[in-house]
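Below are the chains, spelled out letter by letter.
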Amino acid sequence: MKKIGVALLGLGTVGGGTYRILRKNHELFRKNEGLDINVLHVIERNMKRVEELGVDPAIVSENIDDVVNNPDISIVCEFFGGIEPAKTFLIRSLEAGKSIVTANKELFSKHWPELEAAAKRGKAGLYFEASCVGGVPVIRTICEGMQANTVLSIKGIVNGTTNYILSAMSKEGTSYADALKKAQELGYAEANPSADVDGFDATYKLSILSTLAYHKKVPVERIYREGISGVSTKDIAIGGSLGYTLKLLAISKNRNGKIEARVHPAFIKNEHPLASVSGSFNAVHMVGDSVGDIMMYGRGAGDLPTGSAIVSDIVYCAKQTKHAYLPFKNDGSSRDCDFITDFESKYYIRLTAVDKCGTLGKISTVFGKNRVGITTVLQKDTVGENGTTDIIFVTHDTFESAVRKALKEISSLEGVKSVDAVIRVED
Ligand code: HSE
């Protein structure tokens, strides 16, 4: 029986879930995998948490040297999140020949080349399935199930907190603030809510998934990002009446080798498979040139789902005789990665305008002049203060630059009070 010594750096939500799974399924790993996996050290300062999880205090310390210098530990699992001290601790572990398993998407998306260099120096492995889409094995699928394909696109709901918030706002009419509070109580949210609601967490995940799928570095800073804090229940309801569901989508497309990558709220048709992904659930839809459409669905956050991905990596890592590294340059210096910044999409636009003969005509003229085609116009018959009303447009596929230019002109038209919402519509 192969003995595997593991260290856990942190016993927070995912660290605790991992510890529970390793304890609960210890016999299963012996029987099914031929692996005797034991936690030999834990880095944690919260002794209340240590007691709560039933961890032997004798294996707990705050000193990373206790991990790096322990020859019986071959796998180090990190749960601190953020850049430091995680980066220093993991690089030290890798250089000492210990493989790492982590859910740290921010660290991986920003410092992957340095981690990989340290792994090569220590002949150790890097495993990060848990960094994207929690318990859903999407990284393994991209790396080991899509080799026969040029991946053409990835579209995902990759953040459980925002999906929970948008689902609660649209289905129960819950306020944004109440839904965020509940998501935090349920352990989905990052320590800083901005990472979730402003879309940063989703850009980290999209960067990792796109880099693996397209075999070229897709840096976080090249990904267009918009969060959900400006979304209103009014637009969710109007979109609903037009047959759309609002989601925070992470989208990347491979257009003949040019990459387009963006994270923003988007309306999708109610019939789209991603529309039914509710609450904290995540899903990733991919298109490959051989396989066509595939979709993976499951829990993207939480202690046991993310712990499931961590433990799967521990088992996978323990079975490798030689660790593999990326077969392409992953530092963003590669000239073969061109980016598209002027996206093409359909747009939902809501304006407040004076309900007066000729207003709609003037607005339509500006759209037409800028080659923005309209598929739907909706005017609510409720006339508000000062005789104003909501006018909603849905456009044909059009370039973002054209929409922005048209809206700049429209907002200065006489009779147009404000442009209140611009939301992309994805087919
Ligand atoms: N805060 C993240 C989410 C956790 O809500 O999806 C998993 O990365």
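Scroll up to find the structure this text is about.
No experiment lies behind these values; they were computed from the predicted model shown.

Draft legend 1. Molecular detail of the environment of V50. Locating V50 in the fold gives a position in helix α3 (residues 47-53). By relative accessible area, V50 is classed as buried at 1%. Residues V50 and V60, ten residues apart in the sequence, show an inter-C-alpha distance of 8.1 Å. Setting aside chain neighbours within four positions, we find V50 in contact with L11, E44, V55, P57 and V60.

Draft legend 2. Inspection of helix α15 (residues 400-411) at higher detail. With twelve residues, α15 extends 16 Å between its outermost C-alpha atoms, agreeing within 8% with the 16 Å of an ideal straight helix rising 1.5 Å per residue. Listed as buried for α15 are E400, A402, V403, A406, L407 and I410. For α15, the buried positions fall inside an angular range of 155° around the axis, keeping them on one side. Looking at the packing, one finds that the buried side of α15 touches β8 (224-225), β14 (344-354), α14 (359-369), β17 (398-399) and β18 (416-426).

Draft legend 3. Main features of the sheet that holds strand β5 (residues 99-102). Here we have six strands laid out as an open sheet, ordered β3-β2-β1-β4-β5-β6, and parallel in their pairing. The open sheet has two edge strands with one neighbour each: β3 (60-61) and β6 (126-127). In the sheet, strand β1 (residues 2-9) pairs with strand β4 (residues 73-78) via five bridges, with the strands oriented parallel. Of the residues in β4, the one forming a bridge with L8 is C77. Where helix α5 (residues 86-95) meets the sheet, it contacts β1, β4, β5 and β6, and its direction lies at approximately 165° from that of β4.

Draft legend 4. Structural view of the side chain of R350. Checked against the element boundaries, R350 lands in strand β14. R350 sits in the buried class, given a relative accessible area of 7%. With residues near it in sequence (within four places) discarded, R350 still touches S232, K234, D235, I238, D390, I391, I392, S418, V419, D420 and A421.

Draft legend 5. Fine view of the site of the ligand. Taken together, the neighbourhood of the ligand is formed by K105, N159, G160, T161, Y188, A189, E190, D196, D201, K205, G300 and A301. Interatomic distance of 2.7 Å between a side-chain N/O atom of K105 and an oxygen atom of the ligand. In this structure, an oxygen atom belonging to the ligand sits 2.8 Å away from a side-chain N or O atom of K205. Protein chains shield 92% of the accessible area of the ligand, which is 260 Å² for the free molecule. Residue composition of the shell around the ligand, grouped by class: three nonpolar, four polar and five charged.

Draft legend 6. Looking closely at the packing of aromatic side chains. One pass over the structure, following the stated rule, counts eleven aromatic pairs. An angle of 65° between the planes, with centres 5.1 Å apart, marks the rings of F367 and F393 as edge-to-face. Residue F367 is found in helix α14, and its partner F393 is found in strand β16 (residues 388-395); the two are separated by 26 residues along the sequence. Note on accessibility: F367 and F393 belong to one class, buried. Chaining the aromatic ring pairs together yields one cluster made of F108, W112 and F128. Above the ring of Y316, the side-chain terminus of R140 is found at 4.2 Å from the ring centroid. Here R225 stacks its cationic end above the ring of F200, 3.8 Å away from the centre of that ring.

What counts and what doesn't
- Residues numbered from 1 in each chain as written.
- Predicted model: local features only at pLDDT ≥ 70, side-chain atom pairs only at ≥ 80, totals over all residues.
- Heavy atoms only, no water.
- Helix = DSSP H or I, 4+ residues; strand = E, 2+ residues; numbered from the N terminus.
- Buried < 20%, exposed > 50% of the residue type's maximum accessible area, 1.4 Å probe, protein only.
- Contact = heavy atoms within 4.5 Å.
- Expected span 1.5 Å × (residues − 1).
- Arc of directions from axis to C-beta.
- Pairing = 2+ DSSP bridges.
- Axes fitted to C-alpha atoms, helices over the stretch in contact; angles between N-to-C directions.
- Near = heavy atom within 4 Å.
- Polar contact = N/O pair within 3.5 Å; in protein donor to acceptor, adjacent residues only side chain to side chain.
- Areas by Shrake-Rupley, 256 points an atom, 1.4 Å probe, with all protein chains shown as cover.
- Nonpolar A, V, L, I, M, F, W, Y, C, P; charged D, E, K, R; others polar.
- Phe/Tyr/Trp six-rings, centres within 6.5 Å; stacked < 30°, edge-to-face > 60°.
- Lys NZ or Arg CZ within 6 Å of the ring centre and 35° of its normal.

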